[in-house]
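# Structural overview for review
Spelled out, the chains give:
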Amino acid sequence: MTDGPQYPSYPGDPQQPGQTPPPQQGGYPQQPGPQQPGTYPQGYGQQPYQPAPPPQGYGYPPHPYAGWWSRVGATLLDSLLSFLVALVPFVVGLVIMLSTAETRTTFDGTEEITDAGNPLGWILMVLAAIISIAFTIWNSIVRMGRTGQSLGKKWLGIKAVRESDGQPLGVGMSFLRYIMYTIFVNACFLDVLWPLWDARKRTWHDMVVSSVVVRA
Amino acid sequence: MSTVSTRDARWSALRGPAGVAVVGLAAGVLLHVRDPHDSGSYGYCPFLLVGDRPCPGCGGLRAANLLTNGDVVGAISSNLLAVLLAAVLAVAWVVWVVRRWRGERDARMIVLSGRAGAVIIAGVVAFGLVRNLPFGAWLAP
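For clarity, every value in this text was computed on a predicted model and none was experimentally measured.

Cut-off values and rules
- Residues numbered from 1 in each chain as written.
- Chains lettered and ligands numbered in written order.
- Predicted model: local features only at pLDDT ≥ 70, side-chain atom pairs only at ≥ 80, totals over all residues.
- Heavy atoms only, no water.
- Salt bridge = Lys/Arg side-chain N within 4 Å of Asp/Glu carboxyl O.
- Buried < 20%, exposed > 50% of the residue type's maximum accessible area, 1.4 Å probe, protein only.
- Phe/Tyr/Trp six-rings, centres within 6.5 Å; stacked < 30°, edge-to-face > 60°.
- Helix = DSSP H or I, 4+ residues; strand = E, 2+ residues; numbered from the N terminus.
- Core = buried A, V, L, I, M, F, W, Y, C linked by side-chain atoms within 4.5 Å.
- Contact = heavy atoms within 4.5 Å.
- Axes fitted to C-alpha atoms, helices over the stretch in contact; angles between N-to-C directions.
- Parallel < 35°, antiparallel > 145°, perpendicular 65-115°, else oblique.
- Nonpolar A, V, L, I, M, F, W, Y, C, P; charged D, E, K, R; others polar.
- pLDDT = per-residue confidence, 0-100.
- Polar contact = N/O pair within 3.5 Å; in protein donor to acceptor, adjacent residues only side chain to side chain.

## Quick word on the pattern of salt bridges
Counted according to the given criterion, the structure contains 6 salt bridges over all chains. The salt bridge partner of Glu104 of chain B is Arg99 of chain B, with a shortest N-O separation of 2.7 Å. Arg99 of chain B sits in the buried class, given a relative accessible area of 11%. Salt bridges sharing partners connect three or more residues here, namely Arg71, Arg177 and Asp206 of chain A.

So this is what it looks like as structure tokens:
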């Protein structure tokens, strides 16, 4: 296929032999920031590059796509928060466990726990894990679904929205997006590198739920 | 307020390609000096350890190392996609420099539409399948 984007044909239109009108420069009204003008040399494979089509009357004013580093930074901040909220119970639990547990060295040199010690120790550590998971669910799924921003995204001024209308995803889609992120990222690092060369700077988990991350 | 001259703007637009070139060359030097053919030099692949089958990326580092030694045929037999990728990246980089020099200050190195991305992913998955089948054994590292 060497044609450009397919335009609907109307009865009576003379059939253009091959060449459809060239796509709009950039596809979006000019914005300050990293909008790319013009056409591009061939990417991989047979498809000629097609710039993202101009919004077809969806009413969502285009925003610049968020830079890759800002997305990385937001994720790191969210992970850091998730770690920090659980830090106190984790450390207290660990200290209790280490100071009250008893171990014994077996014949082959390994240490074995013979008595887990004060149960408060490991209870606090489990609690720390639960707190961390609950925070992540609240921050990266619920908050992001409702407002488009986790705390990390809020601090870096980016938001994850539906591609069709620019609204936040809603908690359900946000949940699916997060699950897919977890699965993809553990299978292959390419998921989070994909925005480096995608036209709309999407990751694989963005593509699945038709979301896009833009500057807020 | 001073304005940036066109000449300065051209050179500053080349900072991106320069950064990528530095990283690419550093990676090439590293792969040349620290040979991925030595078992464990870059760690061990979790995919291979768990599944015992080569994923589409298997042999990529070895292919890159062979390319730094000039052995293109050996590199292809290690990982065909890696060689193709290296060629595409080289061409794309040159085109990128030209476009940035000519005035597209924010041009990106590679831009793939959603459809192109899907085609590539499908191709990579197909490559991964075929190299695990008997008739595709020449594609396996």
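## Description of the packing of aromatic side chains
Residues and elements named next belong to chain A. What the rule picks out here adds up to 7 aromatic pairs over all chains. The interplanar angle of 55° and the centroid separation of 5.7 Å between the aromatic rings of Tyr178 and Tyr181 together place this pair among those described as tilted. One end of the pair, Tyr178, and the other, Tyr181, are both in helix α5 (residues 171-187), 3 residues apart, so they sit about a helical turn from each other. On the accessibility criterion, Tyr178 (25% relative accessible area) is partly exposed. When its relative accessible area of 22% is taken as the criterion, Tyr181 is described as partly exposed.

## Some words on the nonpolar core
Looking at soluble globular proteins, one finds that nonpolar side chains tend to be buried together. Counting 6 residues, the largest nonpolar core is built from Ala66, Ala74, Met144, Ile158, Ala160 and Val213 of chain A. If sequence neighbours within four positions are ignored, Met144 of chain A has contacts with Asn139, Gln149, Ser150, Lys153, Ala160, Ser174 and Arg177 of chain A.

## Let's talk about helix α4 (residues 60-68) of chain B
Residues and elements named next belong to chain B. Three or more residues of α4 are buried, namely Gly60, Ala63, Asn65 and Leu66. Looking at the buried positions of α4, the neighbouring elements they touch are α2 (15-33), α5 (72-78) and α6 (80-101). Phi for Gly70, located one or two positions after α4, is positive at around 90°.

## Some details on the packing of helix α1 (residues 6-13) of chain B against α2 of chain B
Residue and element names in this part refer to chain B. Where α1 contacts α2, the axes come no closer than 5 Å and their chain directions differ by 30°. By the angle between their directions, the pair α1 and α2 is classed as roughly parallel. For the pair α1 and α2, contact is made by Trp11, Ser12 and Ala13 and by Arg15, Gly16 and Pro17, respectively. Here the residues of the contact of α1 with α2 sort into 3 nonpolar, 2 polar and 1 charged.

## Side note on the confidence of the model for chain A
On average, residues of chain A carry a pLDDT of 79, and 71% of them reach 70 or more. Of the regions scoring below 50 in pLDDT, residues 54-59 of chain A engages in 6 contacts with residues more than four places distant in sequence or in other chains.

## Looking at the side chain of Ser70 of chain A
Relative to the assigned elements, Ser70 of chain A resides in helix α1 (residues 68-85). Side-chain polar atoms of Ser70 of chain A contact the backbone oxygen of Gly67 of chain A, separated by 2.7 Å.

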